Amino acid sequence: MDGRDAATDLELLRAHVAGDRDAFAVLFHRHRDRLWAVALRTLGDREEAADALQDALLSAHRAAGRFRGDSAVTTWLHRIVVNACLDRIRRRQAHPTVPLPDGNRSGDGSGTGGVEPAAPAQDHDTALVVRAALAALPIEQRAALVLVDVQGYPVAEVARILGVAEGTVKSRCARGRARLAVLLGHLRPATPSQPAPAGRNADVPGVTPGNLRPAEGVGSGSVRYRQDTSQEDA
């Protein structure tokens, strides 16, 4: 077994800074799938997510020497990826385009940084509806919901990743869930007293209340989250 496989994230990052040409690649492959899932679910488009992930990794590669070590390396990496995604969303909103209906521009699955999180085939239509609903949320609410409800990170760690207070994360999640409840209300299971309308899918996965476990020693990191005050939660 390569000695790098047994190294900690911090040891790999320090080795990269010291000149080890392979250390950063090992670090990236160790966390690739989760970073890719965050990018894809935040952007809702495979090509955009792949580009954002590549931008983020280039930024992390170059900024590694400025990492202070006061946060977990994974928290630092996630912050860079989220920032790259939010930057792309803001640029996309400034110059809107019309994406393909399923959010996929690459039919062969190329250009991804990892395995795409996918719903079972029978739930494909529902997954597309949920993805579209997420995309309709304000970007700060979307980022918080993806990290807390979809990826299952503790609120405290999400606060570190986004560079905001824990109360702000909770507020963004609550507002995002409320908006999703309206957007996805037609997918709710029927009750005995109120059957679901014919032709509508009742099998939608529920939105979780979030993971409120305390974070384990994460700090502010070296890459600051850039708040967009013009898009503060409505």
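Residues numbered from 1 in each chain as written. Predicted model: local features only at pLDDT ≥ 70, side-chain atom pairs only at ≥ 80, totals over all residues. Heavy atoms only, no water.

Caption draft 1: Main features of the side chain of Gln 151. You can see Gln 151 is positioned in the loop between α7 (139-150) and α8 (155-162). Looking at Gln 151, its side chain comes within polar contact range of the side chain of Arg 41, at 2.8 Å. With residues near it in sequence (within four places) discarded, Gln 151 still touches Arg 34, Ala 37, Val 38, Arg 41 and Val 146. (Helix = DSSP H or I, 4+ residues; strand = E, 2+ residues; numbered from the N terminus. Polar contact = N/O pair within 3.5 Å; in protein donor to acceptor, adjacent residues only side chain to side chain. Contact = heavy atoms within 4.5 Å.)

Caption draft 2: Representation of the environment of Val 130. Examined against the element boundaries, Val 130 turns out to sit in helix α6 (residues 124-135). The sequence separation of Val 130 and Leu 187 amounts to 57 residues, and the corresponding C-alpha distance is 9.7 Å.

Caption draft 3: Seen up close, the packing of helix α5 (residues 73-94) against α8. One way to put it is that α5 packs onto α8 with a least axis distance of 8 Å and a crossing angle of 55 degrees. What the angle tells us is that α5 and α8 run oblique. Here α5 and α8 pass one another in a crossing that is right-handed. Contacts between α5 and α8 involve Thr 74, Thr 75, His 78, Arg 79 and Val 82 from the former and Glu 157, Arg 160, Ile 161 and Leu 162 from the latter. Of the residues assigned to the contact of α5 with α8, the class counts are three nonpolar, three polar and three charged. (Axes fitted to C-alpha atoms, helices over the stretch in contact; angles between N-to-C directions. Parallel < 35°, antiparallel > 145°, perpendicular 65-115°, else oblique. Left-handed = near helix turned anticlockwise from the far one by under 90°. Nonpolar A, V, L, I, M, F, W, Y, C, P; charged D, E, K, R; others polar.)

Caption draft 4: Region of interest: the packing of aromatic side chains. Scanning the entire structure with this criterion turns up one aromatic pair. Their ring planes at 50 degrees and their centres at 5.1 Å tell us that Phe 67 and Trp 76 sit as a pair that is tilted. In this pair, the class of Phe 67 matches that of Trp 76, namely buried. (Phe/Tyr/Trp six-rings, centres within 6.5 Å; stacked < 30°, edge-to-face > 60°. Buried < 20%, exposed > 50% of the residue type's maximum accessible area, 1.4 Å probe, protein only.)

Caption draft 5: Broad picture of the packing of α8 against helix α9 (residues 166-183). In the contact formed by α8 and α9, the axes pass within 8 Å of each other and the chain directions differ by 100 degrees. Taken together, the axes of α8 and α9 lie roughly perpendicular to each other. Mapping the contact onto sequence places Val 155, Ala 156, Val 158, Ala 159 and Leu 162 in α8 and Glu 166, Val 169, Lys 170 and Arg 172 in α9. Here the residues of the contact of α8 with α9 sort into six nonpolar, no polar and three charged.

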